[in-house]
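This is what each chain is made of:
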Amino acid sequence: MNIMTDRKTTAAEDALVERFDGVASSLPGANVDWVRKMRETAMAQFKALGLPDRRVEQWKYSDLRAKMREAHETRVESDAISESDIYDVLGVDLDEMLSYRLVVADGVFDKELSNIDGAEGKFEVTSLAETLNDPPAWFEEKFGKVNPQKNEAVLALNTAFMSDGVVIRVADGAELDRPVHLIMVTGSTKPGLVTTRNFVHVGEGAKLTLMESFSARRTPDMQRNCVTEMVVGDNAVVEHVKYQNEGRMAIHVASWLTELGQGADYNAFEFAIGGAMARHQNFLRFNGEHASAALSGAMMLWDNQHVDATTVVNHDAPNCQSRELFKCVLDDKSRGVVQGKVIVAKEAQKTDGHQMARSLMLSETAEFDSKPELEIYADDVLCGHGTTSGELDENLLFYLMARGIPEKKATALLVNAFIDEAIENVRNETIREAFLLRSADWLGEARG
Amino acid sequence: MLEIKNLHAKVDGDMILRGVDLEIPQGEVHAIMGPNGSGKSTLSYVLAGKDDYEITEGSIVWNGQDLSELEVDERVAAGFFLAMQYPVEIPGVGTMNFLRSAMNAVRKARGEDELNAAETMRIVREKAEALNIPLDMLKRPLNVGFSGGEKKRMEILQMSLLSPTLCVLDETDSGLDIDALRIVSDGVNAMRGPDKAILVITHYQRLLEYIVPDKVHVLSKGRIVRSGGKELALELEKSGYAEYGEDEAA
Ligand SMILES: Nc1ncnc2c1ncn2[C@@H]1O[C@H](COP(=O)(O)OP(=O)(O)O)[C@@H](O)[C@H]1O
Ligand SMILES: [Mg+2]
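Residues numbered from 1 in each chain as written. Chains lettered and ligands numbered in written order. Predicted model: local features only at pLDDT ≥ 70, side-chain atom pairs only at ≥ 80, totals over all residues. Heavy atoms only, no water.

(A) Geometry of the overall build of chain B. Of the regular secondary structure elements, chain B holds 9 helices and 12 strands. A compact globule built from 250 residues would reach a C-alpha radius of gyration of about 18 Å, and chain B, at 18 Å, matches this within 12%. Viewed in the frame of its principal axes, chain B has a C-alpha envelope of about 55 × 40 × 35 Å. Buried residues in chain B amount to 53% of all 250 residues. Nonlocal contacts in chain B, meaning residues at least 24 apart in sequence, comprise 69% of its contacts between residues at least 6 apart. About 10,900 Å² of surface is accessible on chain B, with carbon and sulfur atoms providing 46% of the total. If you average the places of the 28 positive and of the 41 negative side-chain charges in chain B, the two averages end up 3 Å apart. (Helix = DSSP H or I, 4+ residues; strand = E, 2+ residues; numbered from the N terminus. Rg over C-alpha atoms; globule rule 2.2 N^0.38 Å. Buried < 20%, exposed > 50% of the residue type's maximum accessible area, 1.4 Å probe, protein only. Contact = heavy atoms within 4.5 Å. Areas by Shrake-Rupley, 256 points an atom, 1.4 Å probe, with all protein chains shown as cover. Lys, Arg positive; Asp, Glu negative; His and termini not counted. Charge placed at Lys NZ, Arg CZ, Asp CG, Glu CD.)

(B) Region of interest: the coordination of the magnesium ion (ligand 2). All names here are of chain B. Bound to the magnesium ion (ligand 2) are the protein donor atoms Ser41 (OG) and Gln85 (OE1), situated 2.1 to 2.2 Å from the metal. Here Ser41 is found in helix H1 (residues 40-48), whereas its partner Gln85 is found in the loop between strand S6 (80-83) and strand S7 (90-94), with 44 residues between them in sequence. Judged by its relative accessible area of 13%, Gln85 falls in the buried class. (Donors = N, O, S within 2.8 Å, 3.2 Å for Na, K, Ca; no water.)

(C) The arrangement of the site of ligand 1 in detail. Residues and elements named next belong to chain B. Lining the immediate environment of ligand 1, one finds Val11, Asp12, Ile16, Pro35, Asn36, Gly37, Ser38, Gly39, Lys40, Ser41, Thr42 and Tyr53. Side-chain polar atom of Asp12 to a nitrogen atom of ligand 1: 3.1 Å apart, as the coordinates give it. Sort the elements by how many residues they give to the shell around ligand 1 and H1 lands first, with 3 residues. Split by residue class, the shell around ligand 1 holds 4 nonpolar, 6 polar and 2 charged. (Near = heavy atom within 4 Å. Polar contact = N/O pair within 3.5 Å; in protein donor to acceptor, adjacent residues only side chain to side chain. Nonpolar A, V, L, I, M, F, W, Y, C, P; charged D, E, K, R; others polar.)

(D) Quick peek at the sheet that holds strand S2 (residues 14-24) of chain B. All names here are of chain B. Strand order in the open sheet made by the 4 strands is S2-S1-S4-S5, with antiparallel pairing throughout. Either end of the sheet is taken by a strand with one partner, and the two such strands are S2 and strand S5 (65-66). Relative to S5, strand S4 (residues 53-62) is paired through 2 bridges, and the arrangement is antiparallel. Along S5, the bridge assignment pairs Val61 with Asp66. (Pairing = 2+ DSSP bridges.)

(E) Quick peek at the sheet that holds strand S6 (residues 192-202) of chain A. Residues and elements named next belong to chain A. The mixed open sheet is built from 9 strands, whose spatial order is S3-S4-S6-S8-S10-S12-S14-S16-S18. Of all the strands in the sheet, just strand S3 (123-127) and strand S18 (367-376) have a single pairing partner and so form its edges. The average angle at which neighbouring strand axes cross in this sheet is 10 degrees, direction not considered. Where strand S10 (residues 251-260) meets strand S12 (residues 277-286), 10 bridges bridge the pair, whose relative direction is parallel. Counted as the bridge partner of Leu260 is Phe286 from S12. (Axes fitted to C-alpha atoms, helices over the stretch in contact; angles between N-to-C directions.)

(F) Here's a closer look at helix H11 (residues 429-446) of chain A. Residues and elements named next belong to chain A. With 18 residues, H11 extends 26 Å between its outermost C-alpha atoms, agreeing within 8% with the 26 Å of an ideal straight helix rising 1.5 Å per residue. At Ala440, H11 shows its maximal bend, which comes to roughly 30 degrees. Those residues of H11 that sit buried are Ile431, Arg432, Ala434, Phe435, Leu436, Arg438, Ser439, Trp442, Leu443 and Ala446. Sitting at the head of H11, Asn428 places a side-chain oxygen 3.1 Å from the backbone nitrogen of Thr430. (Expected span 1.5 Å × (residues − 1). Bend = angle between axes of the 7 residues up to and from the residue.)

(G) Focus on the pattern of salt bridges. Residue and element names in this part refer to chain A. Under the defined criterion, the tally for this structure stands at 37 salt bridges over all chains. Across the salt bridge formed by Arg335 and Glu367, the nearest N and O atoms sit 3.3 Å from each other. Here Arg335, found in strand S16 (residues 335-344), pairs with Glu367, found in strand S18; they are 32 residues apart in sequence, far enough to count as distant. A salt bridge links Asp369 to Arg335; its shortest N-O distance comes to 2.8 Å. Residue Asp369 is found in strand S18, and its partner Arg335 is found in strand S16; the two are separated by 34 residues along the sequence. Note on Asp369: relative accessible area 11%, which makes it buried. The network of salt bridges with shared partners includes Glu57, Lys60, Lys371 and Glu373. (Salt bridge = Lys/Arg side-chain N within 4 Å of Asp/Glu carboxyl O.)

(H) Seen up close, the interface of chain B and chain A. At the junction of the two partners, chain B supplies 29 residues and chain A supplies 16 residues. When chain B packs against chain A, close to 1,800 Å² is buried across both sides, 73% of that on carbon and sulfur atoms. Counting every contact that joins chain B to chain A gives 1 salt bridge. Here Arg403 of chain A makes a salt bridge to Glu155 of chain B, at a shortest N to O gap of 2.4 Å. Across the chain B-chain A interface, the total number found is 6 residue pairs in polar contact (both at pLDDT 80 or more). The greatest single-element share of the side of chain B that touches chain A, amounting to 6 residues, is contributed by helix H3 (residues 95-109) of chain B. Class assignment of the residues belonging to the side of chain B that touches chain A gives a composition of 18 nonpolar, 6 polar and 5 charged. (Buried area = accessible area lost by both parts, 1.4 Å probe.)

(I) Molecular detail of the packing of helix H10 (residues 407-423) of chain A against H11 of chain A. All names here are of chain A. Between H10 and H11, whose axes approach to 9 Å, the crossing angle comes to 145 degrees. Relative to H11, H10 is oriented so that their crossing is right-handed. Residues Lys408, Thr411, Ala412, Val415, Asn416, Ile419, Asp420 and Ile423 of H10 lie in contact with H11, whose contacting residues are Arg432, Phe435, Leu436, Ser439, Ala440, Trp442, Leu443 and Gly444. By residue class, the composition of the contact of H10 with H11 is 9 nonpolar, 4 polar and 3 charged. (Left-handed = near helix turned anticlockwise from the far one by under 90°.)

(J) A look at helix H6 (residues 148-161) of chain B. Residues and elements named next belong to chain B. Its 14 residues place the ends of H6 20 Å apart at the C-alpha level, agreeing with the 20 Å of an ideal helix rising 1.5 Å per residue. Counting buried residues along H6, 13 of its 14 residues qualify, which places the element largely inside the surrounding structure. In the stretch just after H6, Ser163 is the one whose phi turns positive, near 40 degrees.

(K) The arrangement of the packing of aromatic side chains in detail. All names here are of chain A. Using the criterion set out here, one finds 16 aromatic pairs over all chains in the structure. Seen in terms of ring centroids, Trp138 and Phe139 are 5.9 Å apart; in terms of plane orientation they differ by 85 degrees. Their pairing is edge-to-face. For Trp138, a relative accessible area of 22% corresponds to the partly exposed category. Exposure remark for Phe139: the relative accessible area of 0% places this residue in the buried category. (Phe/Tyr/Trp six-rings, centres within 6.5 Å; stacked < 30°, edge-to-face > 60°.)

(L) Highlighting unusual backbone geometry. Residues and elements named next belong to chain A. Backbone geometry at Asp303 places phi at a positive 55 degrees, although glycine is not the residue there. Residue position: Asp303 is located in the loop between strand S13 (292-301) and strand S14 (306-315). Of the residues examined, Asp303 reaches a relative accessible area of 35% and is grouped as partly exposed.

(M) Here's a closer look at the pairing of S2 of chain B. Residues and elements named next belong to chain B. The sheet contact formed by strand S1 (residues 2-11) and S2 spans 8 bridges and is antiparallel. Counterpart to Leu2 in the pairing with S2 is Ile24. Counting the residues in the hairpin turn of S1 and S2 gives 2 residues, including Asp12, whose phi is positive at 50 degrees.

(N) Structural view of the environment of Leu135 of chain B. Note that Leu135 of chain B resides in helix H5 (residues 135-138). When the C-alpha positions of Leu135 of chain B and Thr56 of chain B are compared, they lie 44 Å apart, and in sequence the two are 79 residues distant.

This is the structure in structure tokens:
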């Protein structure tokens, strides 16, 4: 596929291609052969693909090329970010949540702001930049190879430009007593492009809650491309949560590339309230039998926000279960996109897969696009999907108001009743309560 | 005093209320009876201020205040309460949370202090007990999976929690067995008072043995066509509604 040859390139595409030649030699791992080659291959792929637009089937509802006409200056250095900046973007409850804290500020891992006291014997953290400059053998073996995707331009772009991030290695059998909170914030008020890459290896039988929080509130006009590769070992239990609260002009593309071992239990959740254009891609692959995964998300959008949750689940092993539930509350001219693809390989008998996407439309100008897809090559499976889209039920609203509850509060109660069903999928109580609070405040903020 | 004068109202373009005149002085309980489809529920919704129920003529005044000018929630703050014929189920909204929101919204609108969770719980428990509502019901989403009788009891609980002065009960007796009917009637009778006006809408005379009305009115085709004392209910029970435009089977 070579799209760039039969169409005019955009300023953003030109800038990215040109920029690569300039920065390649100064990016982490430039002195390591395989890293340099990996970046070059990725760049060649990006050159061939260009930014995805609506002609690319998987991006037809979210035309990144059209939304990102220009590429902002690549941000590889951290502007001063303080503890109080982090408090501001997280809010008191998440800031005070007992956690191992890892901070990536403007695309650079910030050791000063991070704190993993007590991690000894359970997990290790290094920065991606460090690791790329001096990669251990185990890292070379796995990195860039977790659930790889073909022809994904944003993944290629991430590999080409990744500046930093974290590498987390959880020991076999380690049970982390509190979540690892990976906080990705920006400090500069100037527009910027941040490319972050994280790599997480969860050992056999380990237990981990990893939360990724994104906020570019200080940098409203931020372009972010973040990838997290994760290997979940046999019988490991992982909760992977994302809090996307980017600035109002931000373009945010995040991709999770995950592989599950035998008997693994994986619970992924995304709470998305920020960004002008945001897409979260969840690529999940079952490699061993008897594993189960739940992918869910809550999106609450207003104004012109466009938020996309795309999942691709590959059932490559028999006897696995996947569940998906995505809910969107859409106000004003916002647009919510939920795409879910489930691919059941021939040998993946007894696969049990179900997906559901629901939207609550608060305005006539909002738009909801849902595209469920099933590709089934096995014959003994239980798979299904459903989509619903509805408005607020006037009868319920009347009932609440007939009990003295003013319209705004009554609407908020119904909005929360709708969206909280998805949020209830978060297992960690502190995080769940924090999201429930934000969903309760959302309507007041959206409607001013 | 509730004064309804020459009330005309349309639903979906159809004129359903065609000149209702009704006065209920404070301290009295009135009953409206009438065949199915005569407009009883429509009258209750028009009083509550439901959207799509358009008043084309006439007025509704409660203690000198024009109710038709107020939003649905403002009417409740002004003392109005409607126990609905078909209470809705609201999945995802916890009953206790809902009750507290309603109580505090009304208290706030009336200039009273809001209640904290513990205070709400104490008051709700006390009233729920009197209505034989198990605490377990309060922990569930509002009305979800409740039986018809449970829903009706929940309506009366809400009525007693919001301290209304003008109560309308739309077929609160339907779906109740004798025991539940007695409990619900006790709840309604407890609301009676010199400053209260109560309107009981029912298809059957049975309820009026427990909630004895001062006056009974017959609604037919959107108008009050007859009024009388409590003995009128007994008469209707015997004769049926045939002469008021509906056959016995309805
Ligand atoms: N939402 C509605 N749209 C159109 N017609 C309605 C609606 N609700 C009620 N009606 C009509 O209004 C009339 C009165 O109904 P209703 O007030 O429910 O009667 P009752 O409560 O006395 O049985 C009936 O003819 C009914 O069909
Ligand atoms: Mg009725």
